[in-house]
Amino acid sequence: MVASPHPNAPPGVALVTGASSGIGAAVADCLAANGWRLLLSGRDVGRLGQVAARTGGLPLPADLATAAGVDRLASDALAAAGHVDLLVAAAGVGWYGPFTAMPPGRVAEILMVDLASAIGLVQRLLPQMLSRRRGQVVLTGSIAGSVGVGREAVYSAAKAGLGAFAEAVRYETRGTGVGITHVVIGVADTPFFARRGAPYDRTRPRPVPPDQVASLICKAVRRGREDIYIPGWTRLPGLIRVTAPSLYRRLAVRFG
């Protein structure tokens, strides 16, 4: 939980990645309404500017598909605000199709944007949180990381790695005043699916609106929650896969 050191002071400085659209943009709106000072990152300069204009945030365009882009964003954020109290890593890309047909360049891009960029930002921003004994990191995961999803092999691997990273760093930061929140999302109604190359065409589960996801993330930040599942049932498939993997695979093959 990130608490302001002064009762009437703003909550603090938040860096949100993936803020030009989808969940990241909705989180920016929610945090702005709660009084946060925002640093907003995204690749689409035009849309990022629109989000910054309505939230009062500072746009920091960055390409998180490169290590240099990650390093530059961390440096720009610290230079702009002096410190970061809250990191919301909401940037993400995907690709849909057979793993053997996946272009090699997309493998590297997904692993970088969905996993390595978040790890890199935490590595750069965590020390200043620890030194002040104040901060929170929110890592946006997926049910794909809990169970593995066919035709999304690399995306599933990246999100599984993100969940493991969140758990490991949480042990290292316990008692330091810095919290780690891992968000597991089922299906959100965002442009993600169209951009991955295959729109979401199932009737169930129904996609959750991004503003609802953002509201739950903001609530988790206020309460210092370690794990949140959106919607709540997304906790169950992972539990079944761990406790009864053969049964889970039969059900997954039958029902998709």
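Residues numbered from 1 in each chain as written. Predicted model: local features only at pLDDT ≥ 70, side-chain atom pairs only at ≥ 80, totals over all residues. Heavy atoms only, no water.

J.: What am I meant to see in the environment of Asp 114 here?
T.: Summarising the element assignment, Asp 114 is placed in helix H4 (residues 104-132). For the pair Asp 114 and Ala 157, spaced 43 residues apart in the sequence, the C-alpha separation amounts to 9.6 Å. In this view, Asp 114 contacts Ala 91, Gly 92, Val 93, Tyr 155, Ala 158, Lys 159 and Leu 162; residues no more than four positions away in its chain are not counted. In terms of polar contacts, Asp 114 uses its side chain to reach the backbone amide nitrogen of Val 93, at 2.8 Å. (Helix = DSSP H or I, 4+ residues; strand = E, 2+ residues; numbered from the N terminus. Contact = heavy atoms within 4.5 Å. Polar contact = N/O pair within 3.5 Å; in protein donor to acceptor, adjacent residues only side chain to side chain.)

J.: So what exactly am I meant to see when it comes to the pattern of salt bridges here?
T.: Two side chains with opposite charge may pair up if their charged atoms get near one another. Under the criterion given, the structure shown has 12 salt bridges. For Asp 44, the salt bridge is made with Arg 47, and the minimal N-O distance between the two is 3.1 Å. Residue Arg 47 is classed as partly exposed on the basis of its relative accessible area, which comes to 31%. Note that Arg 196 and Glu 152 form a salt bridge whose closest N and O atoms lie 3.1 Å from each other. A residue pair is termed long-range when its members are at least 10 positions apart, and Arg 196 in helix H7 (residues 192-196) and Glu 152 in the loop between helix H5 (143-147) and helix H6 (153-173) qualify at 44 residues. Connected via shared salt-bridge partners are Arg 43, Asp 63, Arg 106 and Glu 109. (Salt bridge = Lys/Arg side-chain N within 4 Å of Asp/Glu carboxyl O. Buried < 20%, exposed > 50% of the residue type's maximum accessible area, 1.4 Å probe, protein only.)

J.: Can you walk me through the environment of Ala 80 in this structure?
T.: When you line up the elements, Ala 80 lands in helix H3 (residues 67-81). Accessibility expressed as a relative area gives 29% for Ala 80, which makes it partly exposed. Taking C-alpha positions, Ala 80 is 8.4 Å from Leu 39, a pair spaced 41 residues apart along the chain. If we ignore the near neighbours within four places in the chain, the residues touching Ala 80 are Arg 37, Leu 39 and Leu 58.

J.: Looking at this structure, I do not really get the sheet that holds strand E2 (residues 37-40). What am I missing?
T.: Backbone hydrogen bonds hold the strands of a sheet together, and the pairing may be parallel or antiparallel. Pairing in this open sheet of seven strands is parallel, and the strands run E3-E2-E1-E4-E5-E6-E7 from one edge to the other. Unpaired on one side and paired on the other, strand E3 (58-59) and strand E7 (227-230) mark the two borders of the sheet. Across four bridges, strand E6 (residues 178-185) lies against E7 in parallel orientation. If you follow Ile 185 over to E7, its bridge partner there is Ile 230. Across the sheet, helix H2 (residues 45-55) touches E2 and E3, and the angle it forms with E2 is around 175°. Sitting on the sheet, H3 is in contact with strand E1 (13-17), E2 and E3, with an inclination near 155° to E2. (Pairing = 2+ DSSP bridges. Axes fitted to C-alpha atoms, helices over the stretch in contact; angles between N-to-C directions.)

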